[in-house]
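# Observations on the model geometry
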Amino acid sequence: MQHTPDRPVIPGWRLLISSAGRFWAFRNRPFPRLAVRAGAESAVDADTFDEVQAVIAAQEEKARTVVEGVPS
């Protein structure tokens, strides 16, 4: 995941920043159904870029663990 000073970027996710400065992120492609059933969320929000980046990493890991069957 990368961050640029002008516009933060998280590959595979669309990032929006509200007028109040809250970060919202939406996954570009849906998670597999199995991952969704396990609780992977494709829309998340947080107060800071670092927090939304951490939430996204947790969702991606949850999906990967369920789909691949092993934690990484």
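The structure under discussion appears in the preceding block.
A brief report on the enclosed structure follows.

What counts, and where the lines are drawn
Residues numbered from 1 in each chain as written. Predicted model: local features only at pLDDT ≥ 70, side-chain atom pairs only at ≥ 80, totals over all residues. Heavy atoms only, no water. Salt bridge = Lys/Arg side-chain N within 4 Å of Asp/Glu carboxyl O. Helix = DSSP H or I, 4+ residues; strand = E, 2+ residues; numbered from the N terminus. Buried < 20%, exposed > 50% of the residue type's maximum accessible area, 1.4 Å probe, protein only. Pairing = 2+ DSSP bridges. Axes fitted to C-alpha atoms, helices over the stretch in contact; angles between N-to-C directions. Core = buried A, V, L, I, M, F, W, Y, C linked by side-chain atoms within 4.5 Å.

Let's shift gears to the pattern of salt bridges. If you walk through the whole model with that rule in mind, you get 4 salt bridges. A salt bridge links Arg 27 to Glu 60; its shortest N-O distance comes to 2.8 Å. Here Glu 60 lies in helix 2 (residues 49-68) and Arg 27 lies in strand 2 (residues 23-27), a separation of 33 residues in the sequence. We classify Glu 60 as buried; its relative accessible area is 18%. Glu 61 serves as the salt-bridge partner of Arg 64, at 3.2 Å between the closest nitrogen and oxygen. Placement of both Arg 64 and Glu 61 in helix 2 is noted, with a separation of 3 residues, approximately one turn of the helix. What makes Arg 64 partly exposed here is its relative accessible area of 33%. Relative accessible area serves as the criterion here: at 23%, Glu 61 is assigned to the partly exposed category. Through salt bridges with shared partners, one network takes in Arg 22, Asp 45 and Asp 47.

The next subject is the sheet that holds strand 3 (residues 43-46). One open sheet holds the 3 strands; their spatial order is 1-2-3, and the pairing between them is antiparallel. Each edge of the open sheet carries a strand with a single partner, namely strand 1 (13-17) and strand 3. In this sheet, adjacent strand axes meet at a mean angle of 20 degrees when their direction is disregarded. Sheet topology places strand 2 next to strand 3; 4 bridges connect them, and they run antiparallel. Looking at the pairing, Phe 23 lines up with Ala 46 of strand 3.

Where strand 1 meets strand 2, 5 bridges bridge the pair, whose relative direction is antiparallel. Within strand 2, the position partnered with Leu 16 by the bridge is Trp 24. Taking the residues that link successive antiparallel strands as the turn, the strand 1-strand 2 hairpin has 5 residues, and the phi of Gly 21 there is positive, at about 90 degrees.

All right, on to the nonpolar core then. Ranked by size, the top nonpolar core spans 14 residues in total, and within it Trp 13, Ala 25, Val 52 and Ile 56 carry the most contacts. Put simply, the parts of the chain that give this core at least two residues each are strand 1, strand 2, strand 3 and helix 2.

Purely geometric stuff here, so don't read any function into it on its own.
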